[in-house]
Protein chains: 4
Amino acid sequence: MFNRTNEIKVLRDPIHGYIHVEYQVIWDCINSREFQRLHRIHQLGGDFQVYHTAEHSRFAHSLGVYEIVRRMISEIPSICESIDEFERIQVLCAALLHDLGHGPFSHFFEKITHRNHEEITVDLIMDPNTEVHKCLIKAHQDLPLKVAMIIEHRHEKEVLNQIISSQLDADRMDYLLRDAYETGTSYGTFDLERILRTIRVKDEKLCIKESGMHSVEDYIMARYHMYWQVYLHPDAKSYEILIELFFKRYKEIDEIIDVFEIFREGHIITNEEFILMDECRMFYGFQQALFSKDAILRDFATRILDRHLFGWIEDPSIEEEKTVLNRIENKEYYFFKTRSSSKAYLPYQEKDDKQTIWILTQKNELKPLSQCSEIVKALLKMKAQTKMRIYFSK
Amino acid sequence: MFNRTNEIKVLRDPIHGYIHVEYQVIWDCINSREFQRLHRIHQLGGDFQVYHTAEHSRFAHSLGVYEIVRRMISEIPSICESIDEFERIQVLCAALLHDLGHGPFSHFFEKITHRNHEEITVDLIMDPNTEVHKCLIKAHQDLPLKVAMIIEHRHEKEVLNQIISSQLDADRMDYLLRDAYETGTSYGTFDLERILRTIRVKDEKLCIKESGMHSVEDYIMARYHMYWQVYLHPDAKSYEILIELFFKRYKEIDEIIDVFEIFREGHIITNEEFILMDECRMFYGFQQALFSKDAILRDFATRILDRHLFGWIEDPSIEEEKTVLNRIENKEYYFFKTRSSSKAYLPYQEKDDKQTIWILTQKNELKPLSQCSEIVKALLKMKAQTKMRIYFSK
Amino acid sequence: MFNRTNEIKVLRDPIHGYIHVEYQVIWDCINSREFQRLHRIHQLGGDFQVYHTAEHSRFAHSLGVYEIVRRMISEIPSICESIDEFERIQVLCAALLHDLGHGPFSHFFEKITHRNHEEITVDLIMDPNTEVHKCLIKAHQDLPLKVAMIIEHRHEKEVLNQIISSQLDADRMDYLLRDAYETGTSYGTFDLERILRTIRVKDEKLCIKESGMHSVEDYIMARYHMYWQVYLHPDAKSYEILIELFFKRYKEIDEIIDVFEIFREGHIITNEEFILMDECRMFYGFQQALFSKDAILRDFATRILDRHLFGWIEDPSIEEEKTVLNRIENKEYYFFKTRSSSKAYLPYQEKDDKQTIWILTQKNELKPLSQCSEIVKALLKMKAQTKMRIYFSK
Amino acid sequence: MFNRTNEIKVLRDPIHGYIHVEYQVIWDCINSREFQRLHRIHQLGGDFQVYHTAEHSRFAHSLGVYEIVRRMISEIPSICESIDEFERIQVLCAALLHDLGHGPFSHFFEKITHRNHEEITVDLIMDPNTEVHKCLIKAHQDLPLKVAMIIEHRHEKEVLNQIISSQLDADRMDYLLRDAYETGTSYGTFDLERILRTIRVKDEKLCIKESGMHSVEDYIMARYHMYWQVYLHPDAKSYEILIELFFKRYKEIDEIIDVFEIFREGHIITNEEFILMDECRMFYGFQQALFSKDAILRDFATRILDRHLFGWIEDPSIEEEKTVLNRIENKEYYFFKTRSSSKAYLPYQEKDDKQTIWILTQKNELKPLSQCSEIVKALLKMKAQTKMRIYFSK
C-alpha cells in the first residue's frame, strides 16, 4: 500500500552502522525543509563549549531514533504482530520527526518563547503549508494527525506512544549512545543489542524479558552518568546563562538586531519564522551585536562567540559569596545564582504506571523493575539533592 | 641500580595497546617457567563453556596488571614521589606475579587442596628452587621477600599493598576490562584513563580526586554487572560442579589416573607438582577417564570434555524440586543443590577502612566514597540475596 | 622560561582520549577569538550533506593535531633531544594554529578569494591586531614569526616543518582518524600508536624505523580510501558546485546581500572581515537569498539550505550527455561538467625528497619507502585516472 | 521440514555481537564431541607465543564463520532466492564444521601426518561412528555427503562452494576480523557490513557490486597485513620449528611417550585417535618429555613449554651465518634454515577464474577485480620475494 523507495536506501552512521530507509514517505520527510533545518541545531545546544567534539546535530539523532524504531518494529516479534503497515509508517514518521520543534539552544528557546518543542513539532506537522505536512499527507490523508497523536502521547495504540516516549524509548537510547560517542566519554554506553533482543509487548505495555534486566540496569546507570557528566555540566549551564543575559539586555535597550526581533515580548513566532530560526542565524545575530552601541550587549556577544564563560562556585560559603559579590560592579548582569534540584535526574523513579519499566518474568507476569532488581530498589531510595551555584564574571 | 633491558620491550595488547617492559628482572620473570605456565590456566576457569570466547589465560591478565601498575607508578605524581626505585621494582614484580599460585579451574583447585592461591604464590616466590625466585634474587637479595610481603598485604609501605589489592587495585581494573573484552559484553567497561588521571596518595592511602568520582561509580557498577552476568553465571557453576563430582567419584573408586593422584586425600602437593599441574594436564586426565571401568567416572569425564552440563532451576518450588528428584535415579551424583548468598558480591561495602574507597575532596580532605556519592549511598543499602539452585542431569 | 598552566589542563577527545595543555600560551591561543571561530567552520565543508554525521569542526581537529605533536616531541627520544623549549613552543603553536586561515567551505573560499588558507593563517598570526598574535607575542617576541615560518615550511630547523607538513605529518594523522570516526567509516583507521613509537629523526629527516613500515603502508592505504570514499565523493562535489553557482549568479545581478558583499570582484577581504566570515554567516546569507527577487538565486539558496543536490553521471556516453542536455533549459546554471585527474590522490608518490617517506633500516640507513616496501613499490606504478562527470538538475 | 530450536538460541560473540542458531541440527552439531574438541585447538597454533593474547580457539572461529554464512544466506537477496532450505542447511553445516579436521598446531600436524585438514574433516563427517555424522544424518540422510561435497569444493551448486571457500569466503572474513581483535592489532579490520551489503550472485558466481569495491580493496590489504604482521611472524615460525625438531628427535630415540606414539612413522591415525589428539594432550606429552633420559628431547620439551625460542637472522650475510654456525655445537638440532617465498601471500592474484574476485559493474556485467580497481591492478604487479632465514639456539 505504501510506496517503497526503488531500493533500500542506506546512510552510514557511526552508532547504528547504517540507517535503512525503505518507504518513500520517510525519504521525502528527510528531504523536507523542516527536517534539513535540523542540521543547523546542535543536539546538545552549547555543550560543544564544554566537550569540544559535541558538535553533532539533531539531524543525525533523529535518523538514529528512526533506525532504532525501525529495528524494533521489524525485529521484535510481539511488536511486529500487533501493528499493521499504516501503524508502522506512523511510528516511523513520529520517530523521525519528533525533534522538529527544537529551537536554537533548546532550553533557552523554550524559556524565552514559553513554548515547548513538542508543541511546535505538532504545529509544524499539522500546518498545511510545511513541506513535512505535504510529504505526510501525500502518503495518507490521516498520517499527519496520527503522527501528531504519537508525539502527544495520545495515540489509541498505547504501544506506539511508548516506543517514542517512555522510560525505554528509542529517543533516549539513541541520544545516550550518540552523545557518549561524540563527547568521547564511555558513560553512555550500554548494550543496545541485548535490550532490543529482550523487549516485548504484553498487555499493551512495552516490557523487558527478565533475561535482559541487567542491560536495563546498565542503561539506567548510563543515563545517570550522562546527566551528571555531560548534560548538567556547570560550564554548559554557564553558556546558557550568557545567552539568557544577552537577551535580558537586548530587551532593555532600544537597538534593533533584525534577526532577534522575533524574541521581543509579545511577538508570536510564526511557523515560517521558526523554520528560519536556527543556530547559524543566532550566531549571525551575536556577530551583529558586536557592533552595538551598548557595551554590555557587546560584551555578552563576545562572550558567546569567543567562549568567555562565567566562573562558578558550588554551594559557596557565605564568605565566598560575599568576596565574589564585592568584586562585581554590575551585579545585575555579572552575578547569577542558580538553585537546582536533581529530582528530575534521579536515575530512576516509578511515580506512575507510565514511568515504570516493566519486567516480563519467566512466569510471564509483568512486574515493575524495582521489584525485580535489587540495584534499582536501592536506587529508588536515592534522595534528590539541591545544589546552589553562583556564576560570575572572572 | 637495577638493570634495564637493552631497549624498552613492548608487547601488543588489546586492552592497553602495549605492555612496556624496561627492567631486566621483569623480562626474566616473564620468561620463567612458572610464569609461562600461566598460559595454560584460563583466566575464567570453565567460563569459556558459557561465553565461548572467554579463552584468555592468566598470562595475559598478569601482564595487564603489571602494565596498569607501571602506569600508576610513573604517571601519578603523588605515587612517583613517595616511592624509590627498589620499591618500584617490588610492586611491579608483585603485579606481574600475583596470580602465579592459581591452580587449574581455580575455585575447584582451592577447594580440593584447601589452599588459596595467594599462599601458593608466596610459596613459589620464596622457594629457592623456582626459576622465578632465582630471577628475583638475582636482581636484589631482598626482592623475593618484599614481593611476597606485598602479596600478603603486609609490606611496610601501605600504598604498595593497596596498588595490588584493594577496592581500587590494578588487578580488578585489568580483569574487568579484559573479561569484558574477551566475552564481548559491554558490562565491564569503565573509564580507566580517567581513574588513572585522578588517583592520588594522601596519608598513605590510595584515593580518588572528587572529579574522578563518577568514574569510580561507573567502575563499581561494572564490577556488579560482571559478577552477575559473567562470573556467577549458573552455567559456569554447573561446569564447576561437574569437575567437583568427578573427583568425588574418583576418590571413591580404586582406579588410578596418574595425573590425578595428587588430588588424593592426604597428599601434600609439592611446588614441583603444582607447576606441572595446569589445565592441559587436567584435560588429559579427563581423557584418560573416558577409558575407566567406572560408568559414572566415564560419564563425568564425557560431560566435562564435551560440555554436557547439568540443567538448573533457581529457587524452585517444592513441586518443581520433587518432579526433578523423582526423575533422577542416582541422586548422589546427578542432583546437586547450591545456596549462595550474594553478600560477597554486593557492588560496594565499607566494612572497614581497608575496604573503603577514599575520595579526596576539593578541600583536600579524605572522605569515604559513600559520603560523597549519592548513588553509592543508595547502593550501600542494597541487601544481600540468598538464592537456592538445584542442578541435575537433563 | 615559558609559563605553565596552574595544573595540566585536559580536554576529553574521542580520538586521543585527552588533549593535554601545559603551557599558558597554548591555553591563551585556544581562548583567542580567531581560534574559537574554528568551531563555526566544518572540518569537511559540505560533506555533512553526504555523511550526515560529518559535522565536526576545524576546532576539534586543530586540538587533535596539537595533541599528536605534543606526543611526538615528548615521547620520541630523537626529537626530544634535538629541540629546545622555545622550539617546542613554536611547533606546538604551529600545530594548533595551522588551520586558522580556513574560510567557510574551504575550497570554495580559496577559489573565490584566490588566496589559500596558509597565506591567511600567516596573515592572522602576524597581524598585531589579532588576539592570537597578542597571545603569541606575550610569550616571546619572536614567537609569531617563528610559528609563521613553520606554517610556511621555511623554519631553519627542518624537522619542525616536517612535523607540521610532510607525508607523515600530524595534520594528516589526526584528520584521517577523526574523519573516519565522525563519518563512521573504518577506512581511515591505522595504528597511530605504532607509528608514534617508530618515528625517529635522522639527518634532520623525520623517518620511520623499519619495524613500523607496515603501519605506514596501512596509513597510506587509509589515506587512499578516505580520498575516494569521503573526500572526493561526487555528492560532496555537487554541494560545492551549488555554492559556486550561487555566487556566479550573485555577481551577475545587482541585488545586495550584506554578508556576501565581501565576495564582490575586486574587494580585498580584511583580516577583520575574514574573522567574521564563518559558515554560520554564510548560511544566514543563503537564508536572506530566499527572499531575493531573482528566481535563480532563490533556487540555489534553497538547494544549499535544503540539500537539493544536482544529479550526476560519471564518464557519460555521448547519448547520455545529450539526453541530459536536452532536458535542461538553463544550461548555464543547471548543467556543469567537471574533469578531474586523480593524480594528486595517488596513494603515494616520491616526486622529490620532501615528499618521500624515509625508512630507517636496521643498519641505520635512510631509504625511501619504495625501496623497502614491496607494496609501495607496486603502488608507485599506479596510474592517475581522469574522470569526467556531468552534474545537472534532476 | 527441518526442525527448529524452540526459540532462536543466541551466543554472545565479540566479533558478530551474537551468533544466532535456529536449526536443531546446528545446535546438535555444536554439542557434538568433535566440535567441542575445537575448544582445545588454538586458532593460531603457537602464535600465542608471539601475540600473547592470541589464545582463541577454532571453536569460536567456526561459530563465526557459521554466523557470516547465516547472514549471507538470509540477507543477500540474490542468494536467498537461489537456494532452498535443504541447501541452506548444507552450507550452514559446512560453515560450522569446515575446520573439524585441524590437528594440534595445524601446520605441524599436517606435515607429520601427511594429511591435510580438509581431508580429515570429510573423514569425520562421513564416518558413521562420529557424533557429528549422527547429528547430520538424523536431520537428512544425504546431509553428511552434501556437507562433505561443499568442503571438497565439488557441490553441484557452485555458489555454496564459493561461500565456504573462495577469495571472498566467510572463513577468511571471520578469521581476519577475529585474529585482529584477539591480537589487538588493527590490521585485520575491514568493513564486513558493507561487503555483506554488496555481495551478489550472478551467473553462479559470488561477486561484489561496484559500490563495494573499495571495501574489497580494504579487505585485500587487511589480508596482506595480517600475513606479514601475524601469520608469518618469524617467532611463530620459530615455535613451529621447535615442535618439528622435538619430533625429529623423538623418532630417533627409543623412549616411549604414550600420547606421542601415534606420530611414529607408519602409524595410520584413526578417527578416534584423531579426536583425542588436541593441544592439551600435546602439552601433556611435552611435560612427560621433561623426564626423558635424552637431554636433547628434554631441552626441546622445556623450550616448547617455557617459550625458549630460537633466535633468527633474515637474509644473513655469509659472515653472519658463519659466526652463528661456529658457535653452535649440535648443528643438526640447533641450527635451522628456512627459505620461504612470499608467492602464496601476495595480497591478490588472479591465476584462474576461481581465484578471481568478480565485480558486478553498474551495467550489470562481471569483470575481474583487477580490471576495475586501479590499486589492485598495481598490486598484481607486485613480485614475490624469497627470504632466507636462519634459526639457532641463542
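Residues numbered from 1 in each chain as written. Chains lettered and ligands numbered in written order. Predicted model: local features only at pLDDT ≥ 70, side-chain atom pairs only at ≥ 80, totals over all residues.

- For chain A, an unreviewed UniProt entry supplies the name Phosphohydrolase and the organism Faecalitalea cylindroides.

## Things to note about the overall build of chain A
(1) Moving on: Scanning chain A from terminus to terminus reveals 21 helices and nine strands.
(2) Moving on: Each principal axis of the C-alpha distribution contributes one length, and for chain A these read about 65 × 50 × 35 Å.
(3) Moving on: Classification of the 394 residues of chain A by burial places 51% in the buried group.
(4) Moving on: Here the contacts in chain A between residues at least 6 apart in sequence split such that 67% fall between residues at least 24 apart. (Helix = DSSP H or I, 4+ residues; strand = E, 2+ residues; numbered from the N terminus. Buried ≥ 20, exposed ≤ 12 C-beta atoms within 10 Å, placed from the backbone. Contact = placed C-beta atoms within 7 Å.)

## What about the relation of the copies chain C and chain A?
Copies of the same chain, two in number, are related to each other by a rotation about an axis and a translation along it.
(1) Moving on: If you rotate chain C by 180° and push it 0.0 Å along the axis, it lands on chain A with an RMSD of 0.0 Å. As the rotation angle and translation indicate, the two copies are arranged about a two-fold axis. Every residue of chain C has its C-alpha some distance from the rotation axis, and the shortest such distance is that of C280(C), at 2.1 Å.
(2) Moving on: Of the interface residues in chain C, 100% have counterparts in chain A that sit at the interface too, so the contact is made through matching surfaces. (Least-squares fit on C-alpha atoms with pLDDT ≥ 70 in both.)

## Things to note about the interface of chain D and chain B
Interface size, as often reported, equals the accessible area lost upon joining of the parts.
(1) Moving on: Listed by partner, the interface residues are 31 residues for chain D and 31 residues for chain B.
(2) Moving on: Going through the elements one at a time, β1 (4-13), α2 (33-36), α3 (58-75), α16 (279-289) and α17 (295-306) of chain D are the ones with two or more residues in the side of chain D that touches chain B.
(3) Moving on: The element that contributes the greatest number of residues to the side of chain D that touches chain B is α16(D), accounting for five residues.
(4) Moving on: A breakdown of the residues in the side of chain D that touches chain B according to their chemical character gives 12 nonpolar, 11 polar and eight charged. (Nonpolar A, V, L, I, M, F, W, Y, C, P; charged D, E, K, R; others polar.)

## Remarks on the sheet that holds strand β8 (residues 366-368) of chain A
Residue and element names in this part refer to chain A.
(1) Moving on: The strand order across the open sheet formed by four strands is β3-β4-β7-β8, and the pairing between neighbours is mixed. The open sheet has two edge strands with one neighbour each: β3 (199-202) and β8. Looking at each pair of strands side by side, their axes are set apart by 45° on average, direction ignored.
(2) Moving on: Two strands pair when backbone bridges link them, and β3 and strand β4 (residues 205-209) are joined in this way by four bridges, in the antiparallel orientation. The partner of K202 across the bridge, within β4, is K205. (Pairing = 2+ DSSP bridges. Axes fitted to C-alpha atoms, helices over the stretch in contact; angles between N-to-C directions.)

## As for helix α13 (residues 213-231) of chain A
(1) Moving on: Taking 1.5 Å per residue, 19 residues should reach 27 Å; α13(A) reaches 25 Å between its end C-alpha atoms and fits that length.
(2) Moving on: Among the 19 residues of α13(A), 16 are classified as buried, and the element is accordingly described as predominantly covered. (Expected span 1.5 Å × (residues − 1).)

## A closer look at the relation of the copies chain D and chain B
(1) Moving on: For these two chains of identical sequence, chain D goes onto chain B by a turn of 180° and a shift of 0.0 Å along the axis, with RMSD 0.0 Å.
(2) Moving on: In this assembly, 100% of the residues forming the interface of chain D have copies in chain B that are likewise at the interface, indicating an isologous arrangement.

## Digging into the interface of chain C and chain A
(1) Moving on: Taken together, the contacts link 31 residues of chain C with 32 residues of chain A.
(2) Moving on: Listing elements by their share of the side of chain C that touches chain A, those giving two or more residues are β1 (4-13), α2 (33-36), α3 (58-75), α16 (279-289) and α17 (295-306) of chain C.
(3) Moving on: Per element, the largest residue contribution to the side of chain C that touches chain A is five residues, and it comes from α16(C).
(4) Moving on: The residue inventory of the side of chain C that touches chain A, partitioned by class, reads 12 nonpolar, 11 polar and eight charged.

## So, helix α9 (residues 143-151) of chain D
All names here are of chain D.
(1) Moving on: In terms of burial, α9 is largely enclosed, as seven of its nine residues are buried.
(2) Moving on: The complete set of buried residues in α9 reads L143, P144, K146, V147, A148, I150 and I151.
(3) Moving on: Residues of α9 that are buried sit in contact with α5 (85-97), α7 (117-126), α8 (131-139) and α10 (158-164).
(4) Moving on: Positive phi appears at H153, one or two residues downstream of α9, with a value of about 60°.

## Focus on the packing of helix α16 (residues 279-289) of chain A against α16(C)
(1) Moving on: Running from N to C, α16(A) and α16(C) cross one another at 105°; their axes reach a closest spacing of 8 Å. Considered as vectors, α16(A) and α16(C) are oriented roughly perpendicular to each other. Each of C280(A), R281(A), F283(A), Y284(A) and Q287(A) in α16(A) lies in contact with α16(C), whose residues at this interface are C280(C), R281(C), F283(C), Y284(C) and Q287(C).
(2) Moving on: Partitioned by chemical class, the residues of the contact of α16(A) with α16(C) number six nonpolar, two polar and two charged. (Parallel < 35°, antiparallel > 145°, perpendicular 65-115°, else oblique.)

## Description of the sheet that holds strand β6 (residues 335-341) of chain A
All names here are of chain A.
(1) Moving on: The sheet built from three strands is open, its strands ordered β5-β9-β6 with antiparallel pairing. Edge positions in the open sheet fall to β5 (311-314) and β6, since each of these has one partner strand only. Direction aside, neighbouring strands of the sheet carry axes that sit 20° apart on average.
(2) Moving on: Inspection of the sheet shows β6 paired to strand β9 (residues 386-392) by seven bridges, in the antiparallel sense. If you follow F335 over to β9, its bridge partner there is F392.

## Here we look at the environment of Q141(B)
(1) Moving on: Position of Q141(B) relative to the elements: it lies in the loop between α8 (131-139) and α9 (143-151).
(2) Moving on: Look at Q141(B) and you get exposed, because 9 C-beta atoms sit within 10 Å.

## With respect to unusual backbone geometry
(1) Moving on: Positive phi values are uncommon outside glycine, yet F105(B) reaches one of about 45°.
(2) Moving on: Within the secondary structure, F105(B) sits in the loop between α5 (85-97) and α6 (106-113).
(3) Moving on: For F105(B), a count of 22 C-beta atoms within 10 Å gives the class buried.
(4) Moving on: Backbone geometry at D203(D) places phi at a positive 50°, although glycine is not the residue there.
(5) Moving on: When you line up the elements, D203(D) lands in the loop between β3 (199-202) and β4 (205-209).
(6) Moving on: Among the residues examined, D203(D) registers 9 C-beta atoms within 10 Å and is labelled exposed.

## Focus on the confidence of the model for chain A
(1) Moving on: On average, residues of chain A score 94 in pLDDT, and 100% of them reach the 70 mark or higher.
(2) Moving on: Across the assembled chains, the prediction reports ipTM 0.95 with pTM 0.94. (pLDDT = per-residue confidence, 0-100.)

## Looking at the pairing of β4(A)
Residue and element names in this part refer to chain A.
(1) Moving on: Two successive antiparallel strands, β3 and β4, enclose a turn made up of two residues, where D203 displays a positive phi of approximately 50°.
(2) Moving on: Where β4 lies against strand β7 (residues 358-360), three bridges are found, and the strand directions are parallel. Bridge pairing in β7 links K209 to L360.

## Remarks on the environment of C80(D)
Residues and elements named next belong to chain D.
(1) Moving on: Turning to its location among the elements, C80 is positioned in helix α4 (residues 77-80).
(2) Moving on: By the C-beta count within 10 Å, which is 13 here, C80 ends up partly exposed.
(3) Moving on: The sequence separation of C80 and V50 amounts to 30 residues, and the corresponding C-alpha distance is 41 Å.
(4) Moving on: Excluding residues within four positions of it along the chain, C80 makes contact with I73 and S74.

## Considering the environment of F283(B)
Residues and elements named next belong to chain B.
(1) Moving on: Residue placement: F283 occurs in helix α16 (residues 279-289).
(2) Moving on: Here F283 falls in the buried class, since 24 other C-beta atoms lie within 10 Å of it.
(3) Moving on: Here the alpha-carbon distance between F283 and L305, two residues 22 residues apart in the chain, equals 7.3 Å.

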